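Notes for the structure review
Take a look at the letters that make up each chain.
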Amino acid sequence: MFGIVRPCRHRLGKNLSSQWMAHLCGLCLALRGDHGQLARIATNYDGLLISVLTEAQVRPEGGPGSGGGRRRTAGPCPLRGMRTASVAEGEGARLAAAVSLVLASAKMRDHIDDRDGLLGRRPVALAARKVADSWSRAGARTGAGVGFDTAVLLDAVDRQAGVEALAGPGTPILTVTEPTETATAAAFAHTAHLAGRPGNAAPLAEAGRLFGRLAHLLDAVEDREADAASGAWNPLTATGTPLAEARRLADDAVRGVRLALKDVEFEDGRLAHLLLAHELGRSVDRAFGTDSCGHGHPHGNTHGPAAPEAGPGAAVQAAPEAAFGPPQAPFTPHDPGVGAPPPSGDRRGFWAGCAAALVVCCTCKVCCADEFEGPWSGRRRQGVCGNCDCGDCGDCCDVCECCGNCCSCDCCDC
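Predicted model only: the values in this text are computed from it and were never measured.

Comments concerning the overall build of the protein
Along the protein, the regular secondary structure elements total 13 helices and 4 strands. Of all 414 residues assigned to the protein, the portion counted as buried reaches 52%. A separation threshold of at least 6 residues defines the contact pool for the protein, and within that pool the share at least 24 residues apart is 67%. Carbon and sulfur atoms form 57% of the exposed surface of the protein, whose accessible area is close to 18600 Å².

Here it is, written out as structure tokens:
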């Protein structure tokens, strides 16, 4: 799972949370249906925005609570605790799958080029490159099926390498982000054509362009220290862009996305508005370390500066770990015990850990639980979809259900 838009279910509320999960599962199943089980690992949080935007523009078909789009009942899945679910389907989900595959293949090639982890070993790198090439071709086929030419995505990926090779101190950072901006602008704009609203293409292209800029910037910010330690190329370091300038550009991009959305004609834009107008700002805060978890904290701070370090003698609280490792950005733990290493006797052996992992997956804890116990280490971890950074859940436009027309921005200043 990757992506910058990772909303907390407490902020979404019951209705929008179910819609968000329908799009997430719909993307996963669209990948499986067209490209096989392995392609499901390309499921990502940002890719489902394509499905959300497409559905937000179409006439209601699925009835109340469906978000105005097509739904089908999917069979039991281990990540849902072997439960059925209503999932999104149709051209929006297929377009999201095509974009996700192409961009996942590009991300895999990037890791291969950087020789990250196991991909630094030649046999693994060769196998991974074959998978990446296969995904690129598969994404192109699926894109063609919904009228989208993925050549613009592949061209952006190819140009990105050349842009990075020429970038150096003094190169504007926006020169480096341009290929990503072009790719996401094309994907966002095509949702208007799928929905039969060509007039929305221009503002959605602008929103997509700024979203691509933001995704590239935040990825660079979050990877900055790790790239410096490993010697990997980082756009901020290579161009000499200070964090203050990156933050200014990120904030401007968030404002630009909000303004562009005002010109889009939606049938039901509540979920799209919450994800793109509100969650993007939190993504910026999270990446720059100015966001902390306030859920369960009566005095939690959502948008202020990061909490100061504990003074001498204060108890040190270990940060919670995400489902498959450390969280992607700093945030304050909402449980002092989360992430704390267990006593050595509580660690499981290999086979016992395998059995525990099966139980954890089949009971939906890895995907949907706020916390679960690591199968082998015994550490407390957070579920993939249970990352809580929701702050004060009483904020009107965070919940989007507190007034009749909240998400039309009648009660917020965006």
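Looking at the pattern of salt bridges
Counting across every chain of the model gives 20 salt bridges. A salt bridge links Asp 155 to Arg 159; the nearest nitrogen and oxygen atoms lie 3.0 Å apart. Of this pair, Asp 155 and Arg 159 both sit in helix H5 (residues 151-166), 4 residues apart, which is roughly one turn of that helix. The partly exposed category is assigned to Arg 159, whose relative accessible area is 28%. Taking the shortest distance from any N to any O, the salt bridge between Glu 178 and Arg 159 comes out at 2.6 Å. Residue Glu 178 is located in helix H6 (residues 173-194), and its partner Arg 159 is located in helix H5; the two are separated by 19 residues in the primary sequence. Several salt bridges share partner residues, and in doing so they unite Glu 181, Glu 206, Arg 209 and Arg 213 into one network.

Topic: the packing of helix H3 (residues 91-114) against helix H4 (residues 122-145)
Two elements in contact, H3 and H4, have axes separated by 8 Å at closest approach and are oriented at 155°. With respect to their mutual orientation, H3 and H4 come out roughly antiparallel. In terms of crossing hand, the pair formed by H3 and H4 is left-handed. For the contact of H3 with H4, the per-class residue count stands at 13 nonpolar, 6 polar and 5 charged.

Side note on helix H1 (residues 9-35)
If you check H1, its first and last C-alpha atoms are just 29 Å apart, much less than what 27 residues at 1.5 Å a residue would give, namely 39 Å. A large share of H1 lies buried, amounting to 19 of its 27 residues. Directly beyond the C-terminal end of H1, a positive phi value near 95° is found at Gly 36.

Some details on the packing of helix H7 (residues 201-230) against helix H9 (residues 243-262)
Running from N to C, H7 and H9 point in directions that differ by 155°, and their axes come no closer than 9 Å. Relative to H9, the element H7 is oriented roughly antiparallel. The two elements H7 and H9 meet at a crossing, and its hand is left-handed. Note on element contacts: H9 touches H7 through Leu 243, Ala 246, Leu 249, Ala 250, Ala 253, Val 254, Gly 256, Val 257 and Ala 260, opposite Pro 203, Glu 206, Ala 207, Leu 210, Phe 211, Leu 214, Leu 217, Leu 218, Val 221 and Arg 224.

Some points on the packing of aromatic side chains
Taken as a whole and judged by the stated rule, the model has 2 aromatic pairs. Geometrically, the ring pair formed by Trp 20 and Tyr 45 is stacked, given 5.8 Å between the ring centres and 20° between the ring planes. Pair noted here: Trp 20 is in helix H1 and Tyr 45 is in the loop between H1 and helix H2 (48-57), with a separation of 25 residues, a long-range link. Each member of the pair Trp 20 and Tyr 45 is classed as buried.

Details of the confidence of the model for the protein
When the pLDDT values of the protein are averaged, the result is 77; 71% of them are 70 or greater. Across residues 292-345, where pLDDT falls below 50, the model places 93 contacts with residues more than four positions away in sequence or in other chains. Low pLDDT, under 50, characterises residues 390-411; the predicted model gives this stretch 47 contacts beyond four residues in sequence or across chains.

Quick word on the side chain of Thr 239
Within the secondary structure layout, Thr 239 lies in helix H8 (residues 235-239). Judged by relative accessible area, Thr 239 falls into the buried class, the value being 4%. At 2.6 Å, the side chain of Thr 239 forms a polar contact with the backbone oxygen of Pro 235. Leaving out residues up to four positions away in the same chain, Thr 239 has contacts with Ala 167, Gly 168, Pro 169, Gly 170, Thr 171, Ile 173 and Val 176.

Some words on the state of the cysteines
The final tally for this structure, using the stated rule, is 0 disulfides. Free cysteine: Cys 77, not disulfide-bonded; nearest cysteine sulfur from Cys 28 at 6.4 Å. Its relative accessible area of 11% is what places Cys 77 among the buried residues.

Considerations on a nonpolar patch on the surface
A surface patch of nonpolar side chains, about 430 Å² in accessible area, is lined by Phe 350, Trp 351 and Trp 376. Within the secondary structure, Trp 376 sits in the loop between strand S3 (372-373) and strand S4 (380-381). Residue classification places Trp 376 among the partly exposed residues on the basis of a relative accessible area of 38%.

As for the environment of Ile 112
Here Ile 112 shows up in helix H3. Residue class for Ile 112 comes out buried when judged on its relative accessible area of 6%. Linking Ile 112 and Ala 132, residues 20 residues apart in sequence, is a C-alpha distance of 10.0 Å. Leave out the neighbours within four places in its chain, and Ile 112 touches Leu 119, Ala 125, Ala 128 and Arg 129.

Examining H5
With 16 residues, H5 extends 23 Å from end C-alpha to end C-alpha; this agrees with the ideal 22 Å at 1.5 Å per step. For H5, the set of buried residues is Leu 153, Ala 156, Gln 160 and Val 163. At its buried positions, H5 is contacted by H3, H6 and H7.

Cut-offs and rules
- Residues numbered from 1 in each chain as written.
- Predicted model: local features only at pLDDT ≥ 70, side-chain atom pairs only at ≥ 80, totals over all residues.
- Heavy atoms only, no water.
- Helix = DSSP H or I, 4+ residues; strand = E, 2+ residues; numbered from the N terminus.
- Buried < 20%, exposed > 50% of the residue type's maximum accessible area, 1.4 Å probe, protein only.
- Contact = heavy atoms within 4.5 Å.
- Areas by Shrake-Rupley, 256 points an atom, 1.4 Å probe, with all protein chains shown as cover.
- Salt bridge = Lys/Arg side-chain N within 4 Å of Asp/Glu carboxyl O.
- Axes fitted to C-alpha atoms, helices over the stretch in contact; angles between N-to-C directions.
- Parallel < 35°, antiparallel > 145°, perpendicular 65-115°, else oblique.
- Left-handed = near helix turned anticlockwise from the far one by under 90°.
- Nonpolar A, V, L, I, M, F, W, Y, C, P; charged D, E, K, R; others polar.
- Expected span 1.5 Å × (residues − 1).
- Phe/Tyr/Trp six-rings, centres within 6.5 Å; stacked < 30°, edge-to-face > 60°.
- pLDDT = per-residue confidence, 0-100.
- Polar contact = N/O pair within 3.5 Å; in protein donor to acceptor, adjacent residues only side chain to side chain.
- Disulfide = S-S within 2.5 Å.
- Patch = residues over 30% accessible without salt bridge, like charges linked within 9 Å, V, L, I, M, F, W, Y side chains within 5 Å.

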